[in-house]
Structures are given as C-alpha cells and as structure tokens.
Amino acid sequence: MDLNLTPQERLFRDELRAWLEMHAPRDWEARQSAEESMPARFAFLRDWQRRVYEGGWAGLSWPKEYGGRGASLMEQVIFTEEMARAGAPPLPGILGLALVGPTLIAFGSEAQKQRYLTKILSGEEIWCQGFSEPNAGSDLAALRTEASLVDGHFIVNGQKVWTSYGWASDWCELVVRTDAAAEKHKGLTVLLVDMRSPGVEVRPLRQMTGESEFNELFFENVRVPVENVVGQVNHGWNVALGTLMHERALLGAGLQITFRRQFARLVELSHKVERNGRPAAEDPVIRQKLAQAYAEIEIMRLNQMRAVSRVMETGMPGPEGSIQKIFWSEMNQRFQQVAMELLGPYGQLTRGSEFAFDEGQWAYAYLRARGNTIEAGTSEIQRNIVGHFVLGLPKSY
Ligand SMILES: Cc1cc2nc3c(=O)[nH]c(=O)nc-3n(C[C@H](O)[C@H](O)[C@H](O)COP(=O)(O)OP(=O)(O)OC[C@H]3O[C@@H](n4cnc5c(N)ncnc54)[C@H](O)[C@@H]3O)c2cc1C
C-alpha cells in the first residue's frame, strides 16, 4: 500500500481541513468536562453529525445513491486523520455508521437501503445493537428472545442486555429466534425494530464510570412488520456475523481520534505534573512509557488501514479484524494505566473535584477502558477467532 497522497487526495485533504477549520466546534473539550447531562451532550454531537453530513463528509465510502460519497479507502483514512488533527468531536451515530449501515448495504433489501441509510448518515436516526442477552454473550447463538409470525408481523418477546445507547436510539438491529426447533445457529432472524413501538422498554444500567451509557431492553408482544427482516427469515446468523465482523474491524477507527487527542494532552500534562521533585516529562520511566504509548497508537493507525483496506477490497472485513480489536482494547488499558502513573493521585479525582485535571476525564477514561476488552467480543473470543480462522488451529469448543 502506497501511503503517499496523490495530488487528488491532497486536494481532498485540504478541502476537508478547510471545512473542519471553519465548522468543527471549538468548545468540544470544554463541553466534555462541563456539568452537562449525557442527553444534552448527545444532542450536541447529533447536531455535529448533521453538519458533517450536510457538508458531504459522512459515509465517505458508502454508495452515492444512499447519501455517501463513493470515496476511496485513502479518503476514508484521511477523514479520520483530519478529524483527529482538528480535535473534532466524534460522531454519535457510530453504531449506525460502523455496524448497521454496512450490514444493510451488504444484506438489506433495496427498500431498506432507501429508507434507512441516509438517515443513519445524517444522525437523524440513531441505532443500537440488540444482540447480547443475560445468557447469551460470547455464545450469541444461545439467545432466546423469540419472534413468531402472525398476520404479516413478527411478535417479539424477550430481553436484551448491555445495549449501548439504547436510551438514545430510534432503531435497533435485533437478533431473535424464529425457529425454536432448529439447531442453535439456525432459526435466527435479524429484525429492524422501531424503538418507539408499544411494548419496548428501555432500562438504564449504571456503569462504574457513574454513567448509564448502556441499557437493558425488554420486549413484550412488540409488533415488527415482516418487511423489517434483514436477509431471510431463519438465516439471520450470517447477517449477525456480518455486523460483528464490521464491529471488530471498524469500531476502533473513530477511537483513534480520542486516543490521539488524549495522548497530546498527556504529553502537555507531563510538563506540569511533578514526579520525584521534577517535571514528569524528565522522568526516564515516564518518558519510556509515553514513547511506548505513542508507538502503539501509531501501530493502531496502521493496523486500521489494513482492516479498512480489506473491507474495500472484498466488501467485508476478514477475521483479521479481531487482531485490531485485541490490539486497541488492550492498548487503551495500558495507555490509561500510564496516564494514572503519570498523574499520580490527581488521576483518580473525578468530576467536581477542584484539583482534578480536565475535570476528572482521566479517571473516567481509566474506568471506561475496562469494558473495552469485553464489548464487541471479549479478548478471549477474539483470540479464538484468530487461532482458528487465521492460524488454522482446531476450534476451541
Ligand atoms: C461497554 C460495553 C458495551 C456493550 N455494548 C453492547 C451492545 O451495544 N449490544 C450488545 O448486544 N452487546 C453489548 N455488549 C455486550 C458484550 O458484547 C458482551 O458482554 C460480550 O460479548 C461478552 O458476553 P458476556 O458478558 O455474556 O460474557 P460471557 O460470554 O459470559 O463470558 C464470560 C467470560 O468467559 C470467557 N469466555 C466465554 N466463552 C469463551 C470461550 N469459548 N473461550 C474462551 N473464553 C470464553 C469470556 O471471554 C469472558 O471472560 C457490551 C458490553 C460492554 C462491556
């Protein structure tokens, strides 16, 4: 892969850079640390996504007829880099952009593509992923939420759990069991469920960060029209796997923006915080750790290019996406640990403490990073995938 920009790509980069210079919100850093509720922050980010879309920068690689730009892999990479460079806020419709949209492009009907894709790009409709259940996480095919067909509608009953942004979502990509007699991986169907349907209940789950980013979802006799089936009835396993492969391969792309912003700030802080009577930046152990973190963030960037490149070549991410998921999730935990070591006791102070740096963002980031090796498939499951599908080792179960 040639990483040098062509004249056309340079033009694209300059145009994007100028747009971000003019439009990227300047008060994003302050907002993150302000006493602002999660819904208010989410509304702000949603407005930002709308502006990105209207500027023609959302869904760069998606087909033009569905609101995308039909752009190249390199332009997608440039977009992520420039967002990081400008310190721009992330896009809140990330589950729609990285998971549901690509799944619909691959498996959805033409009517579904027309109906949903543009609104995913603009952030007008936010999506969540209703896969995990209390007894079906790593072993997703053990799920028990059921749906039966009655007069052109599926009637859904059951429970999902750990549903990120369930509270903010308009729609849910839901995996249900439609044939209880079939083998575990068969008899599953993927449905697009309107979160405002009667019988859908969303309950918050409080995380150790203090936030309720994710939820429990309960479905009681929820009616879903049959045209909301993605792919074929009882053949949902492949559709769900497609979503999971996109999740592993692409979810980390946006996080790169956060990691690079945090790293730059940590270097800044290393000049202010003292360690053994001198600035932490002069401490040889801290310097080693910061340099290591920088190298790892750079490796993540290059790995990301490899994952995106695979999607552009084949239309689907490969099992190599699991390498990226293992890497960024474990890297972030190491990185946040370095931040704690550098900041010392200040790092543990949470929002509201007058001595906390950046209003307690570092304590938040440290605690939130613990979930990284669980969400989107645990590190053990990712290693099983790499072992079997990349290395050709026997299956572990
Ligand atoms: C922050 C966060 C956000 C999430 N968001 C969503 C979401 O939006 N939508 C959604 O559907 N789900 C979501 N999840 C759920 C997530 O996908 C599951 O937690 C994950 O798949 C693990 O399932 P589990 O929690 O049931 O653990 P289990 O599957 O019960 O696993 C328990 C432990 O056993 C290990 N284990 C299990 N099977 C094997 C095996 N075969 N080989 C080796 N080790 C094994 C696991 O690695 C883990 O350490 C989220 C989770 C988190 C933490």
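For the structure, see preceding data.
Residues numbered from 1 in each chain as written. Predicted model: local features only at pLDDT ≥ 70, side-chain atom pairs only at ≥ 80, totals over all residues. Heavy atoms only, no water.

Some thoughts on the overall build of the protein chain
Step number 1: Across its full length, the protein chain carries eleven helices and ten strands.
Step number 2: Against the 2.2 N^0.38 benchmark of 21 Å for 397 residues, the protein chain shows a C-alpha radius of gyration of 22 Å, consistent with a compact globule.
Step number 3: Burial statistics for the protein chain: of 397 residues in total, 51% are counted as buried.
Step number 4: Sequence-distant contacts in the protein chain: of pairs separated by 6 or more residues, those separated by 24 or more amount to 71%.
Step number 5: Summing over all exposed atoms, the protein chain offers an accessible surface of approximately 18,700 Å²; the carbon and sulfur share of this is 53%.
Step number 6: The centroid of the 43 positive side-chain charges in the protein chain is displaced by 3 Å from the centroid of its 49 negative side-chain charges. (Helix = DSSP H or I, 4+ residues; strand = E, 2+ residues; numbered from the N terminus. Rg over C-alpha atoms; globule rule 2.2 N^0.38 Å. Buried < 20%, exposed > 50% of the residue type's maximum accessible area, 1.4 Å probe, protein only. Contact = heavy atoms within 4.5 Å. Areas by Shrake-Rupley, 256 points an atom, 1.4 Å probe, with all protein chains shown as cover. Lys, Arg positive; Asp, Glu negative; His and termini not counted. Charge placed at Lys NZ, Arg CZ, Asp CG, Glu CD.)

Some words on the site of the ligand
Step number 1: Lining the immediate environment of the ligand, one finds 17 residues, of which S132, S138, W162, T378 and E380 sit closest.
Step number 2: Here an oxygen atom of the ligand sits 2.7 Å away from a polar atom, N or O, in the main chain of S132.
Step number 3: The separation between a nitrogen atom of the ligand and a polar main-chain atom of W162 is 2.9 Å.
Step number 4: Protein coverage of the free-state accessible area of the ligand, which is 980 Å², stands at 68%.
Step number 5: Put simply, the parts of the chain that give the shell around the ligand at least two residues each are β3 (153-164) and α11 (379-390).
Step number 6: In terms of residue class, the shell around the ligand is built from five nonpolar, nine polar and three charged. (Near = heavy atom within 4 Å. Polar contact = N/O pair within 3.5 Å; in protein donor to acceptor, adjacent residues only side chain to side chain. Nonpolar A, V, L, I, M, F, W, Y, C, P; charged D, E, K, R; others polar.)

Describing the environment of Y165
Step number 1: Looking at the element boundaries, Y165 is found in the loop between β3 and β4 (171-177).
Step number 2: It is 8.8 Å that separates the C-alpha atoms of Y165 and S212, two residues lying 47 residues apart in sequence.
Step number 3: If sequence neighbours within four positions are ignored, Y165 has contacts with F42, L95, C128, E213, F214 and N215.

Some points on the pattern of salt bridges
Step number 1: Under the defined criterion, the tally for this structure stands at 27 salt bridges.
Step number 2: Where D139 meets K184, a salt bridge forms, and the shortest distance between an N and an O atom there is 2.9 Å. Note that D139 is positioned in the loop between β1 (127-130) and β2 (146-150) and K184 in the loop between β4 and β5 (188-194), a separation of 45 residues in sequence.
Step number 3: For the salt bridge of E268 with R265, the shortest nitrogen-to-oxygen distance reads 2.7 Å. A residue pair is termed a helical-turn pair when its members lie 3 or 4 positions apart in one helix, as E268 and R265 do in helix α7 (residues 236-270) at three residues.
Step number 4: Accessibility expressed as a relative area gives 23% for R265, which makes it partly exposed.
Step number 5: Through salt bridges with shared partners, a single network forms among D47, R50, R51 and E54. (Salt bridge = Lys/Arg side-chain N within 4 Å of Asp/Glu carboxyl O.)

Section: the packing of aromatic side chains
Step number 1: Summed over all chains, the structure comprises 13 aromatic pairs.
Step number 2: On the numbers, 5.6 Å between centres and 65 degrees between planes, the contact of F12 with W57 is edge-to-face. Here F12, found in helix α1 (residues 7-23), pairs with W57, found in the loop between α3 (38-54) and α4 (73-85); they are 45 residues apart in sequence, far enough to count as distant.
Step number 3: Here a set of aromatic residues connected by ring pairs shows up, and it is made of F12, W19, W48 and W57.
Step number 4: Note that R203 overlies the ring of F218, its terminal NZ or CZ placed 4.0 Å from the centroid. (Phe/Tyr/Trp six-rings, centres within 6.5 Å; stacked < 30°, edge-to-face > 60°. Lys NZ or Arg CZ within 6 Å of the ring centre and 35° of its normal.)

Some remarks on the packing of α4 against helix α8 (residues 284-314)
Step number 1: Put simply, α4 and α8 touch, their axes get as near as 10 Å, and they point 145 degrees apart. Every pair of crossing elements has a handedness; the one defined by α4 and α8 is right-handed. Residues L73, V77 and E81 of α4 lie in contact with α8, whose contacting residues are R301, M305, V308, S309 and M312.
Step number 2: The class makeup of the residues in the contact of α4 with α8 is five nonpolar, one polar and two charged. (Axes fitted to C-alpha atoms, helices over the stretch in contact; angles between N-to-C directions. Left-handed = near helix turned anticlockwise from the far one by under 90°.)

As for a nonpolar patch on the surface
Step number 1: A cluster of nonpolar side chains, namely F389, V390, L391 and L393, defines an oily patch on the protein surface of about 390 Å² accessible area.
Step number 2: Inspection of the secondary structure puts F389 in helix α11. (Patch = residues over 30% accessible without salt bridge, like charges linked within 9 Å, V, L, I, M, F, W, Y side chains within 5 Å.)

A few points about the pairing of β4
Step number 1: Counting buried residues along β4, seven of its seven residues qualify, which places the element largely inside the surrounding structure.
Step number 2: Neither face of β4 is left uncovered, since the one carrying W171, E173, V175 and R177 and the one carrying C172, L174 and V176 both have all their residues buried.
Step number 3: Bridge count between β4 and β5: seven bridges; the pairing is antiparallel. Its bridge partner lying in β5, W171 is registered against D194. (Pairing = 2+ DSSP bridges.)

Looking at the packing of α1 against α4
Relative placement of two packed helices is described by the angle separating their axes and the distance separating the axes.
Step number 1: At a closest axis distance of 10 Å, the pairing of α1 and α4 adopts a crossing angle of 35 degrees. Two packed elements cross with a definite hand, and for α1 against α4 that hand is right-handed. Seen from α1, the contacting residues are E9, F12, R13, L16, R17 and L20; seen from α4, they are M74, E75, I78, F79, E82, M83 and R85.
Step number 2: Of the residues belonging to the contact of α1 with α4, the class tally is seven nonpolar, no polar and six charged.

Focus: α1
Step number 1: Helix length check: α1 (17 residues) gives 24 Å between terminal C-alpha atoms against 24 Å at 1.5 Å per residue, within 8%.
Step number 2: Buried within α1 are the following residues: E9, F12, L16, W19 and L20. Looking straight down α1, one finds its buried side chains confined to an arc of 100 degrees; they lie on one side. Facing away from the buried side of α1, by more than 90 degrees, are the exposed residues P7, L11, E21 and M22.
Step number 3: Summarising the contacts, the buried residues of α1 are in contact with α3 and α4. (Expected span 1.5 Å × (residues − 1). Arc of directions from axis to C-beta.)

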